[in-house]
Amino acid sequence: MPGLQTTHDVTDICSAEFLSEVGRKTPLIARFSTVVHEAGSPESLRDTRGFSVKFYTNEGNWDFVGNNMPVSTLFLAHIALCFHC
């Protein structure tokens, strides 16, 4: 299983137990995904993408999740024009 190995002492900035010991290897799994819209939805919807990393620590599982929601400049221009009306 892939893992994260602590290479430097970070105890002065982080209190996570799995990062407290140099050389410790913590198993993890990473997942990347896209949001699939329902059938018949317009293709102009945002193409949201995301990721998650699950660390299997001695204290339990620790999940790190992120999303990327692209913003269309044309969409923002439309909103800006509406505010000037």
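What follows covers the overall build of the protein. When helices and strands are tallied, the protein shows 1 helix and 4 strands. Seen in sequence order, the protein has helices and strands lined up from the N terminus as β-β-β-β-α. Burial status across the protein gives 13% buried among its 85 residues. As displayed, the protein has an accessible area near 7,000 Å², and 59% of this comes from carbon and sulfur atoms.

Let us look at the pairing of strand 4 (residues 60–68). If a strand is regular, its side chains alternate between the two faces of the sheet. Sheet analysis places strand 3 (residues 49–57) next to strand 4, joined by 9 bridges and oriented antiparallel. Within the sheet, the bridge partner assigned to Gly50 lies in strand 4 and is Asn67.

As a further point, take the pairing of strand 3. When strand 2 (residues 25–34) meets strand 3, the two strands line up antiparallel, connected through 7 bridges. Among the inter-strand pairings, Leu28 is bridged to a residue of strand 3, identified as Phe55. Turn length for the strand 3-strand 4 hairpin, with the two strands adjacent in sequence and antiparallel, is 2 residues.

This paragraph deals with the sheet that holds strand 3. On the basis of which strands lie adjacent, the open sheet formed by 4 strands has the order 1-2-3-4 and antiparallel pairing. Two strands lie at the open edges of the sheet, namely strand 1 (3–5) and strand 4, each paired on one side alone. Averaged over all neighbouring strand pairs, the angle between strand axes comes to 30 degrees, with direction disregarded.

The rules we used
Residues numbered from 1 in each chain as written. Predicted model: local features only at pLDDT ≥ 70, side-chain atom pairs only at ≥ 80, totals over all residues. Heavy atoms only, no water. Helix = DSSP H or I, 4+ residues; strand = E, 2+ residues; numbered from the N terminus. Buried < 20%, exposed > 50% of the residue type's maximum accessible area, 1.4 Å probe, protein only. Areas by Shrake-Rupley, 256 points an atom, 1.4 Å probe, with all protein chains shown as cover. Pairing = 2+ DSSP bridges. Axes fitted to C-alpha atoms, helices over the stretch in contact; angles between N-to-C directions.

No statement about biological role is implied by the geometric values presented.
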